[in-house]
Amino acid sequence: MYGNDFPGEDPPGGLLGEVEAAEAALRAAAARDRGAAEPGGDLAAYFAEVVDADQKIEPRDWMPEAYRRTLIRQIAQHAHSEIIGMQPEGNWISRAPSLKRKAILLAKVQDEAGHGLYLYAAAETLGVSRDELVDLLLSGRQKYSSIFNYPTLSWADVGAIGWLVDGAAIVNQVPLCRCSYGPYARAMIRVCKEESFHQRQGYEILHTLAHGTPAQKAMAQDSVDRWWYPSLAMFGPPDGDSTHSAQSMAWKIKRFSNDELRQRFVDMCVGQAEALGLRIPDPELRWNDERQAYDFTEPDYDELMRVIKGNGPCNRQRMEHRRRAHSEGAWVREAAAAYAAKRAVKEKEKVAA
Ligand code: FAQ
């Protein structure tokens, strides 16, 4: 048992095996002939046919306006989450307990920035600019994941974020590798491979602490106690309250409902917690033979709604930090734009010569 492997290897090869299968399917879809219907006739029928055949909608294709808007909302929210998500762990870079841990954490936090960039680039293929999306985040008109509004109080929190938050992110994102929109699906393949490393590094931190001194083990347990329910809430409201799931699943943007993925995450974590020697803080957690899944206590969805609306423990702090970083980075954007303009003039002169 190690990181994101799960008992019985279902699906075969674990979650990474599923990512590889999705990557192979993407290649096959790109190579396949799309069949009889060509755009030009009934565009909506053509769109439906491509989605039904599990092929990919590409930026050049016609798509319903609501599909485009849904993708922009979800991909932008996802991108913002990666960027804001750098803050809780970033707080620990200068306090990591060894040079090795510091180097690993630096690389991990930098990867999150990279994920944000792949995702902004995927959203841009839908006809919005990164500047517009950043404005929407900074003005509070677009969201980011609830989970990043909780504080990191100890070094063990870096482990718990890797194990639980990256673990939940992977369970949610592996099916997105098979999303119907090509650029999002392709971005997700790379993101999932990197997230898998993130999850393992968190698991390894917790494993080390859980097998250390009694104080270290207690610190690890305290982290798991605080991060468990917020991680369950990351999957979104229960299916009955999820406004977008039905349509997103019909369009094959989402492949599973919020509750299905939450259950999958719980089932994956139980064995891993046992291997860590840590307790999942849920007295109701028990195997249900009939359902072939664990029964568990749902997270507090009222708390989720409060956090989503801006009233979590760290919402204000996270947004203030992001706004400050954005304004302090203005000179970098100006310098990059001036450099690009100079290069464009030089290129023009070269062509003219
Ligand atoms: N937080 O109808 P649904 C990561 C909103 S990346 C905030 O069920 P949907 C990597 C939702 O937007 C983590 N808001 O919505 C990392 C909607 O609001 P709206 C981010 C939430 O879209 C690790 C309303 O509630 N991952 O962790 C949340 O069908 C470590 C109704 O909900 C993604 O973004 C929430 N938890 O399903 C980085 C994955 N849940 O717009 C750094 C892609 C729901 O109508 C360090 N996104 N809402 O006002 C998704 O899969 C989906 O968007 C869901 C929500 C599943 C999050």
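Residues numbered from 1 in each chain as written. Predicted model: local features only at pLDDT ≥ 70, side-chain atom pairs only at ≥ 80, totals over all residues. Heavy atoms only, no water.

Q: Would you mind going over the site of the ligand with me for this structure?
A: Taken together, 34 residues are adjacent to the ligand, and Lys 143, Ser 242, His 244, Lys 254 and Asn 258 come closest. At 2.9 Å, a backbone N or O of Thr 243 approaches an oxygen atom of the ligand. Notes on the ligand: free accessible area 1,100 Å², of which the protein chains cover 91%. Looking at the shell around the ligand, the elements with two or more residues in it are helix 3 (65-84), helix 5 (99-124), helix 7 (156-173) and helix 8 (182-210). Broken down by element, the shell around the ligand gets its largest block of residues, 6 residues, from helix 3. Here the shell around the ligand is composed, by residue class, of 11 nonpolar, 14 polar and 9 charged. (Near = heavy atom within 4 Å. Polar contact = N/O pair within 3.5 Å; in protein donor to acceptor, adjacent residues only side chain to side chain. Areas by Shrake-Rupley, 256 points an atom, 1.4 Å probe, with all protein chains shown as cover. Helix = DSSP H or I, 4+ residues; strand = E, 2+ residues; numbered from the N terminus. Nonpolar A, V, L, I, M, F, W, Y, C, P; charged D, E, K, R; others polar.)

Q: Explain unusual backbone geometry to me, please; I cannot follow it from the model alone.
A: Excluding glycine, residues mostly have negative phi values, and the peptide bonds linking residues are mostly trans. Positive phi is not limited to glycine here, since Asp 54 has a value of about 60°. Tracing the chain through its elements places Asp 54 in the loop between helix 2 (43-52) and helix 3. You can call Asp 54 partly exposed: its relative accessible area is 37%. Phi at Lys 252 takes a positive value of approximately 60°, unusual for a residue other than glycine. By relative accessible area, which is 18% here, Lys 252 ends up buried. (Buried < 20%, exposed > 50% of the residue type's maximum accessible area, 1.4 Å probe, protein only.)

Q: Quick question: what am I supposed to make of the nonpolar core here?
A: The nonpolar side chains of a soluble globular protein tend to be buried, and buried together. The biggest cluster of nonpolar side chains holds 86 residues, and the ones touching the most others in it are Tyr 67, Trp 163, Tyr 181, Tyr 184 and Phe 265. Considering every element that reaches this core, the biggest residue donor is helix 8, with 11 residues. Every residue in contact with Tyr 67, bar those within four places of it in the chain, is listed here: Phe 47, Ile 57, Ser 180, Tyr 181, Trp 251 and Ile 253. (Core = buried A, V, L, I, M, F, W, Y, C linked by side-chain atoms within 4.5 Å. Contact = heavy atoms within 4.5 Å.)

Q: Explain the packing of helix 7 against helix 9 (residues 214-233) to me, please; I cannot follow it from the model alone.
A: Helix-helix packing: each pair is described by the crossing angle between the helix axes and the interaxial distance. The geometry of helix 7 relative to helix 9 is characterised by a closest axis approach of 9 Å and an angle of 30° between their N-to-C directions. Relative to helix 9, the element helix 7 is oriented roughly parallel. Here helix 7 and helix 9 pass one another in a crossing that is right-handed. Contacts between helix 7 and helix 9 involve Ala 156, Asp 157, Ala 160, Ile 161, Trp 163, Leu 164, Val 165 and Ala 168 on the former and, on the latter, Met 219, Ala 220, Ser 223, Val 224, Arg 226, Trp 227, Trp 228 and Ser 231. (Axes fitted to C-alpha atoms, helices over the stretch in contact; angles between N-to-C directions. Parallel < 35°, antiparallel > 145°, perpendicular 65-115°, else oblique. Left-handed = near helix turned anticlockwise from the far one by under 90°.)

Q: What exactly am I supposed to notice about the packing of aromatic side chains here?
A: How two aromatic rings sit relative to each other is set out by the distance from centre to centre and by the angle between their planes. In this structure the tally under the stated criterion is 9 aromatic pairs. With a centroid separation of 6.5 Å and an interplanar angle of 65°, the aromatic rings of Trp 92 and Trp 155 are classed as edge-to-face. Placement of Trp 92 in the loop between helix 4 (86-90) and helix 5 and of Trp 155 in the loop between helix 6 (130-138) and helix 7 is noted, with a sequence separation of 63 residues between them. Each member of the pair, Trp 92 as well as Trp 155, carries the same accessibility label: buried. An angle of 45° between the planes, with centres 5.5 Å apart, marks the rings of Phe 235 and Phe 265 as tilted. Taken together, the residues Phe 235 in the loop between helix 9 and helix 10 (245-250) and Phe 265 in helix 11 (residues 258-276) connect sequence positions 30 residues apart. Residue Phe 235 shares its accessibility class with Phe 265, and that shared class is buried. Among the aromatic residues, ring-to-ring pairing joins Phe 47, Trp 62, Tyr 67 and Trp 251 into one connected group. Over the face of the ring belonging to Trp 92 we find Arg 95, whose NZ or CZ atom lies 3.9 Å from the ring centre. (Phe/Tyr/Trp six-rings, centres within 6.5 Å; stacked < 30°, edge-to-face > 60°. Lys NZ or Arg CZ within 6 Å of the ring centre and 35° of its normal.)

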